[in-house]
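# Commentary on secondary and tertiary structure
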Amino acid sequence: MDTQITELLGRSRLISELLHAGLEVAVPARDRGIDLIAYVDLRADTRRFIARPIQMKAATTEQFAIAKKYAKVSDLILAYVWHLEDPATAVTYAMTYPEAVEIGTRMGWTKTSSWIDKHAYSTTKPSKKLKKLLEPYVMTPERWRERIVGTPRVR
């Protein structure tokens, strides 16, 4: 599968997850480090407009990456969508940029030349330790709602 198809499938899956969480989604006209914007507008379940930018990393297998360039985007959520070739095993992890860097620190990556010199680190073979660190960030509709809005959905 080519990278453009992977990106499209990842975006479609991510949009579907956000809509199932009762959120709205906007797609920026230009890619400047933000792939989607998830938001809630003024409805009975919120008193104010809340929006969060999302940078998506889509993969047909498993890969995790952090890059210092994303530090400049306020309130950014990094969404890692894995196993796009198999909907039965597909999973999305979502975290803030500081949370992703903390995972990188716990993995020892922020002391590597890749992080120090190239300002990024990535792996296409996540270890058991990394997968364990990612477990709290597996997304469900409820977790998406809390990640974007900070509170569970009122029905």
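What comes next is a walk through the structure. (Residues numbered from 1 in each chain as written. Predicted model: local features only at pLDDT ≥ 70, side-chain atom pairs only at ≥ 80, totals over all residues. Heavy atoms only, no water.)

Let us now look at the overall build of the chain. When helices and strands are tallied, the chain shows 5 helices and 7 strands. Of the regular secondary structure in the chain, the N- to C-terminal order runs α-β-β-β-β-β-β-α-α-β-α-α. Taking 155 residues into account, the globule formula puts the C-alpha radius of gyration at 15 Å, and the chain, at 16 Å, falls close to it. Sorting the 155 residues of the chain into buried and exposed places 42% on the buried side. A separation threshold of at least 6 residues defines the contact pool for the chain, and within that pool the share at least 24 residues apart is 50%. A total of about 9000 Å² of accessible surface is found on the chain, and carbon and sulfur atoms cover 52% of it. Seen as two clouds, the 25 positive and the 18 negative side-chain charges of the chain have centres 5 Å apart. (Helix = DSSP H or I, 4+ residues; strand = E, 2+ residues; numbered from the N terminus. Rg over C-alpha atoms; globule rule 2.2 N^0.38 Å. Buried < 20%, exposed > 50% of the residue type's maximum accessible area, 1.4 Å probe, protein only. Contact = heavy atoms within 4.5 Å. Areas by Shrake-Rupley, 256 points an atom, 1.4 Å probe, with all protein chains shown as cover. Lys, Arg positive; Asp, Glu negative; His and termini not counted. Charge placed at Lys NZ, Arg CZ, Asp CG, Glu CD.)

This part takes up unusual backbone geometry. For histidine 83, which is not a glycine, the phi torsion comes out positive at approximately 60°. Phi at histidine 119 is positive, roughly 65°, even though this residue is not glycine. By the secondary structure assignment, histidine 119 is in the loop between helix H3 (113-118) and strand S7 (120-123). The partly exposed category is assigned to histidine 119, whose relative accessible area is 40%.

This paragraph deals with the nonpolar core. Within the largest apolar cluster, 23 residues are counted, with the highest numbers of intra-cluster contacts made by Phe64, Tyr80, Tyr93, Met95, Ile103 and Leu134. Of all the elements in the fold, those that place two or more residues in this core are strand S4 (64-67), strand S5 (77-82), strand S6 (91-96), helix H2 (97-107) and helix H4 (128-134). Other than its neighbours up to four places away in sequence, tyrosine 93 contacts Leu78, Ala79, Tyr80, Trp82, Leu134, Tyr137, Val138 and Met139. Counting residues in hydrophobic clusters, the runner-up holds 20 residues, among them Val40, Ile50, Ile54 and Val149. (Core = buried A, V, L, I, M, F, W, Y, C linked by side-chain atoms within 4.5 Å.)

Quick look at the pattern of salt bridges now. Once their charged atoms are close, side chains differing in charge can pair, the charge on each being opposite to the other. In total, this model carries 4 salt bridges according to the counting rule given. Glutamate 62 is the partner of lysine 131 in a salt bridge, and the nearest nitrogen-oxygen pair spans 3.1 Å. With lysine 131 in helix H4 and glutamate 62 in the loop between strand S3 (50-58) and S4, this residue pair connects regions lying 69 residues apart in the sequence. Taking relative accessible area as the criterion, lysine 131 reaches 32% and is therefore assigned partly exposed. (Salt bridge = Lys/Arg side-chain N within 4 Å of Asp/Glu carboxyl O.)

Looking now at the side chain of threonine 96. With respect to the secondary-structure elements, threonine 96 resides in strand S6. Apart from the residues within four sequence positions on either side, threonine 96 is in contact with Arg52, Leu76, Ile77 and Arg147.

A few words on a positive patch on the surface. Taken together, the side chains of Arg30, Arg32, Lys69 and Lys72 make up a positively charged region of the molecular surface. Mapped onto the secondary structure, arginine 30 falls in the loop between strand S1 (24-26) and strand S2 (36-40). (Patch = residues over 30% accessible without salt bridge, like charges linked within 9 Å, V, L, I, M, F, W, Y side chains within 5 Å.)

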